[in-house]
Each structure stands twice: as structure tokens, then as C-alpha cells.
Amino acid sequence: MDADRRDEMTDASLDRELQTLLGVEPSPEFVARVRVRIADASPPAASWFGAWRIAASIVAVAAVATVAFVFTRDGGRNAPSTPSVLDSRTFALFSSQTPDLNGRGLSVSAEPASPVPRTHTAAQHESATSRAEPEILVDRRETAALRALIFGTREGRIDLAPVLAATTPSVMELPPVVDIEIPAITIDPIAPGTGGEGVRQ
Amino acid sequence: MHDRVVQLAGSFVTTDRTVEQEFEARLAESSTLAFRVAYSVLRHRQDAEDVAQEAFVKAYRCFSQLRNRERFRAWLVRMTWRLALDRRRGDRRREARDSESAIARDARAAGSLTEDLVERERAAHLWTAIDALPEKLRVAIVLASIEGHDVSEVARLLALPEGTVKSRLFVARQRLKEHLQWMRTAETK
């Protein structure tokens, strides 16, 4: 009990000594100096707001750039269905110039017969098409025939009126039926052999 | 539209003023705490003031997250302690010089310790005993001795459970007593 009391007193005296030791006051100018340093520092709200605003701007610009990049890339990939390519193909078939009947066959990847300036989009499309789809080939003779027909029709060299006017005959006149004469079939009996019946030959 | 802009700007100004006033209040009530925490590590008045200033400037820069009083004080104590340790580690030579001369000088300036040589020696012994404590025990006993903080206040400042703080204070006191007793016994002999 006495030992406990002595410990308690020691604790109390220790605390008093510590309080005395740490009870040092700062100089009177201390707070004023802190105020001066804080006045030199940037205000907290403004700096926080500014930093937040800058970060938001950076994120927004990055998002727009990403979206633009993705759209541009996807646009190039989906080009096979774009009308620019179809235009070039159509132009090749319906050009006003005389077709080269002895020329090459037409294919999707082939250049048009006329000297049409190729656009960058068309070139991109062709390369994209060659990557994405199998090449479709049309027979050269068929192509030449079609071109000749089309341009001949345009220039009046070929008249399609009879073809268009031609109709399928309503009743077909059949030749008279002639009976087929089938001669009677006669079967001759087989001549007996020289040996007797049942004799091994 | 113009009225809205003026209103918005006015609200920002009001917010800034409110923040300034709140920080001024925190500075007024916590300046001594920060100084004493720094002093307990550095034992040099000017260095302690520099470190406390630095801690206040850092607190001001992120004051938007520290507007709660308790949170501010806890953050300030931890920041000051850390900055003081950094300063002390970076200036070992000064520490060696201050351990003898500065204590006596500060004691005279503060008037808390008498001119008596015995008292100064006791203070030196106490500082040595405090330095011998592990950091966890040291910060607990220092905070408990500053401004009469009780266990719950120290627990809040250190963000620790009260039981942990209580046990650390107990162990710290025991070790300090043993150390002081040993030193005084050795001196007597």
C-alpha cells in the first residue's frame, strides 16, 4: 500500500516535471510570423479550385481526343458500304467512253476503264476491302459483252426494240404424231447340240 | 445573367473569408500546441518555431480538408512531429550542440526552470530519459504532458484507441521513472 502511494506520488511528480519541461511558450512574434508566411502562400480554396479545374479540363480534352480517334478508325473500317466506292464501280460500268472490248476483266479491285482520278477514300476502301472481303471476279468476256451491249444501246448501234417486243408464242404448233411401227419379234429356237442330254461335254 | 455572376463571385468571396476566419481561429488556439510538439523533439526554440510555422503553412494549403477542429489538431500534431523529426535527423550536429547549451538558455528565457544548477540537471536527465523512449511512447507522453491533455484527447490526436494510449502512457511513465531513478542513483554514488 505504501509502495503504491509512493508510485502514485512519483507519477504525479513526474507529470509535474514533464509539464514544466514542456511548458515553454513560443515567442510573442511567432503567430505574427505564421500569419506573414501564410499571407505569402496561395489561398487554399483558390488553389484547390484551380487544380480541380485544370484536372477536369485535361480529362475532358483526353476524352474528346479518344472519342475522335475511335470514330475515325471505325469509319475507315466500315468503308466497304460507303457510296464513294460504289460510285467508282458504277462509273466504270457506265462510263461514256468506249469500252475496251479486248481489255481486262472487271473485278471489284480493278481500276475503272476511264482515267478517273482516284480519291484517297477509294484507295483506302480497296485496301480495306481486300483485307475484309474475298475478291469477287467477273468473267472478262461477260464484262466485255455487257459493256458492248450497254454502250451500243446508248449510241444506237444496237436496237433492243425487237428483243423487248418479242413475246413468247402462246400456242406451239406441234408436228403431227406418226405411229411408230414396231416389227414383230421372232425368237428362233436354240438348235440342240450334238451330245446327248445330260452328257458332260 | 450578370446578377448571377455577381452572386456567384460573392459566394466565393464569402467562402474565402469564412475559410480565413476559421483558419485564424485554429491558428490562435493551436499555435502553442504545435510549437511545444516541435520543441519536445528539437529542444531549440527557433527551430521549433520554424517547424511549427512550416506545419501551419502546410495545414493552410489543405485546410479545405481540415476544417473540423479535432481533425485539424490531430493532423497538425502529426505533421509537426514528423517535420521536427526530419529537421532533427537532418541536423545531428546542431542537436549535439543544443542538448547542453540550448536547454539552459531556454530554461533561463522561459523562466520555468530556476537558475539552480540542480534543476537544470534534472531537466537534462528528463530529456535524456524521454529521448531513450521508443517513438510511440515518446509522442504519447509528450502529448499527455502538453496543455494537460487527458487520455481521450491524446487518443483523438493520435487517432488511436484509448486503451492503447493508456497502456502506452503507463509504460512510458514506468520507463521514465526507472531511467530517472537510475540516473539519480548513479549521480549520488
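In this text, all values refer to a predicted model and were calculated from it rather than measured experimentally.

Draft legend 1. How the structure looks around the pattern of salt bridges. Residue and element names in this part refer to chain B. The full count for this structure, using the stated rule, is twelve salt bridges over all chains. Of the charged contacts in the structure, one is a salt bridge between Asp131 and Arg43, with a shortest N-O distance of 2.5 Å. Of this pair, Asp131 sits in helix α5 (residues 117–132) while Arg43 is found in the loop between α1 (2–42) and α2 (45–61), placing the two residues 88 residues apart along the sequence. The exposure class of Asp131 is partly exposed, given its relative accessible area of 27%. Across the pair Arg89 and Asp86 runs a salt bridge whose closest N-O atoms are separated by 3.5 Å. Linking Arg89 with Asp86, this pair stays in helix α3 (residues 69–90), spanning three residues, or about one helical turn. With a relative accessible area of 43%, Asp86 lands in the partly exposed category. Residues joined by salt bridges that share partners form a network here, namely Arg43, Arg88 and Asp131.

Draft legend 2. Representation of α5 of chain B in the model. Here α5 of chain B is 16 residues long and its end C-alpha atoms lie 23 Å apart, about the 22 Å a rise of 1.5 Å per residue gives. Inspection of α5 of chain B places Ala123, His125, Leu126, Trp127, Ala129 and Ile130 of chain B among the buried residues, and these make up the whole buried set.

Draft legend 3. Structural detail: the interface of chain B and chain A. At the interface, 41 residues of chain B touch 31 residues of chain A. Both faces considered, chain B and chain A share a buried interface measuring about 3400 Å² in area, 65% of it formed by carbon and sulfur atoms. On the chain B side of the contact with chain A, Gln53, Tyr60 and Lys177 of chain B bury the most area, a combined 18% of that side's loss. In this assembly, chain B and chain A are joined by six salt bridges. Two residues, Arg33 of chain A and Glu49 of chain B, come together in a salt bridge whose shortest N-O distance is 2.2 Å. Where chain B touches chain A, the interface holds ten residue pairs in polar contact (both at pLDDT 80 or more). Taken together, the elements giving at least two residues each to the side of chain B that touches chain A come down to α1, α2, α5, α6 (135–145) and α8 (162–188) of chain B. No other element matches α1 of chain B, which puts twelve residues into the side of chain B that touches chain A. Looking at the side of chain B that touches chain A residue by residue, the class counts come to 21 nonpolar, eight polar and twelve charged.

Draft legend 4. Representation of the nonpolar core in the model. Core analysis: the biggest nonpolar cluster contains 63 residues, and Phe23, Phe56, Phe72, Ile141, Leu143 and Leu176 of chain B have the highest contact counts within it. No other element matches the eleven residues that α1 of chain B contributes to this core. Not counting residues within four places of it along the chain, the set of residues in contact with Leu176 of chain B comprises Leu14 and Leu18 of chain A together with Ala129, Ile130, Leu133 and Ile141 of chain B.

Draft legend 5. How the structure looks around a nonpolar patch on the surface. On the surface, Leu146, Leu149 and Ile158 of chain A cluster together into a nonpolar patch covering about 230 Å² of accessible area. Residue placement: Ile158 of chain A occurs in the loop between α6 (140–155) and α7 (161–165).

Draft legend 6. Local environment of the packing of aromatic side chains. All names here are of chain B. Enumeration according to the criterion identifies eight aromatic pairs over all chains in this entry. When the centroid spacing of 4.9 Å and the interplanar angle of 65° are considered together, the rings of Phe23 and Tyr60 count as edge-to-face. Pair noted here: Phe23 is in helix α1 and Tyr60 is in helix α2, with a separation of 37 residues, a long-range link. Accessibility classification places Phe23 together with Tyr60 in one group, the buried group. Among the aromatic residues, ring-to-ring pairing joins Phe23, Phe56, Tyr60, Phe63 and Phe72 into one connected group.

Draft legend 7. Up close: α6 of chain B. All names here are of chain B. Of all eleven residues in α6, nine are buried; the element is thus mostly enclosed. Among all positions in α6, only Leu137, Arg138, Val139, Ala140, Ile141, Val142, Leu143, Ala144 and Ser145 are buried. Among the residues trailing α6, Glu147 stands out with phi positive, at a value near 55°.

Draft legend 8. Quick look at the side chain of Arg138 of chain B. You can see Arg138 of chain B is positioned in helix α6. Sequence-distant contacts of Arg138 of chain B, defined by excluding residues within four places in its chain, comprise Trp81, Leu85, Ile130, Asp131 and Leu133 of chain B.

Draft legend 9. Representation of unusual backbone geometry within the structure. All names here are of chain B. Positive phi values are uncommon outside glycine, yet Arg43 reaches one of about 55°. Using a relative accessible area of 8% as the deciding quantity, one classes Arg43 as buried. The backbone of Ala159 sits at a positive phi, close to 55°, despite the residue not being glycine. With respect to the helices and strands, Ala159 occurs in the loop between α7 (151–158) and α8.

Rules behind the numbers
Residue positions within a chain follow its written sequence, with the count starting from 1. Just so you know, chain letters begin at A and ligand numbers begin at 1, following the order they were written in. Residue-level local features of this predicted model are given only where pLDDT is at least 70; pairs of side-chain atoms are given and counted only at 80 or more, and the full residue set underlies all totals for whole chains, interfaces and linings. The side-chain figures draw on all heavy atoms in the structure; neither hydrogens nor water molecules are used. We count a salt bridge whenever a side-chain nitrogen from Lys or Arg sits within 4 Å of a carboxyl oxygen from Asp or Glu. A run of H or I in DSSP becomes a helix once it reaches four residues, and a run of E becomes a strand once it reaches two; helices and strands are each numbered from the N terminus. When a residue's accessible area, from a 1.4 Å probe over protein chains only, is under 20% of the maximum for its type it is buried; when over 50% it is exposed; and in between it is partly exposed. Every helix has an expected span of 1.5 Å times one less than the residues it contains. Note on definitions: a residue-residue contact is assigned when non-hydrogen atoms from the two residues lie within 4.5 Å. Two parts lose some accessible area (1.4 Å probe) when they are put together, and adding that loss for both gives the buried area. Pairs of N or O atoms within 3.5 Å make up the polar contacts considered here, provided that, within protein, one atom can donate a hydrogen while the other can accept it, and that residues adjacent in sequence are counted only when both atoms are side-chain atoms. Residue type decides the class: Asp, Glu, Lys and Arg count as charged, Ala, Val, Leu, Ile, Met, Phe, Trp, Tyr, Cys and Pro as nonpolar, and the leftover types, Gly among them, as polar. Definition used in this section: a nonpolar core is a set of buried Ala, Val, Leu, Ile, Met, Phe, Trp, Tyr and Cys residues joined via side-chain atoms within 4.5 Å. Patches were defined on residues exceeding 30% relative accessible area and lacking a salt bridge, with like-charge contacts within 9 Å and nonpolar side-chain contacts (Val, Leu, Ile, Met, Phe, Trp, Tyr) within 5 Å. Here the Shrake-Rupley method, with its probe set to 1.4 Å, supplies the accessible areas, and only the displayed protein chains count as covering residues. Pairing of aromatic rings covers Phe, Tyr and Trp, the last counted by its six-membered ring, and requires centre-to-centre distances within 6.5 Å; plane angles under 30 degrees mean stacked, over 60 mean edge-to-face, and any other angle means tilted.

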